[in-house]
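# Secondary and tertiary structure notes
Okay, here's what each chain looks like letter by letter:
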Amino acid sequence: MENIHKCTSALRPLITEAEPNGIPLAESAINELVATTPAPERRDALESVRSAVKAHCDSDTGSQFDFANTVNDYIEKLIRDLV
């Protein structure tokens, strides 16, 4: 759970700022989550982060919405790759 909190804490300000150069930082935070989470728990951890990002998608507009969607797309790709 600590890994999820660390990841979402890193993503929140990045989504708020919605700077395009923040995308690699967001991906890095997500990759760190995956690297530090035991394999059997990765899908659930990514789903938890995806839910937090989706909450931003539902409440944000403009560049914040686009940034959150880009992050969400990356998370979905990682979830698909877990198969």
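It should be emphasised that the depicted structure is a prediction, and the values quoted were computed from it without experimental measurement. (Residues numbered from 1 in each chain as written. Predicted model: local features only at pLDDT ≥ 70, side-chain atom pairs only at ≥ 80, totals over all residues. Heavy atoms only, no water.)

What follows is about the nonpolar core. One broad rule of soluble globular proteins: the nonpolar side chains tend to lie buried together. Leu-11 and Ile-30 are the most contacted members of the largest nonpolar core, which totals 24 residues. Only helix H1 (2–17), helix H2 (23–36), helix H3 (42–59) and helix H4 (62–81) provide two or more residues apiece to this core. (Core = buried A, V, L, I, M, F, W, Y, C linked by side-chain atoms within 4.5 Å. Buried < 20%, exposed > 50% of the residue type's maximum accessible area, 1.4 Å probe, protein only. Helix = DSSP H or I, 4+ residues; strand = E, 2+ residues; numbered from the N terminus.)

Okay, the environment of Leu-25 next. Position of Leu-25 among the secondary structure elements: in helix H2. With relative accessibility at 53%, the residue Leu-25 sits in the exposed group. With 24 residues separating them along the chain, Leu-25 and Val-49 place their C-alpha atoms 15 Å apart.

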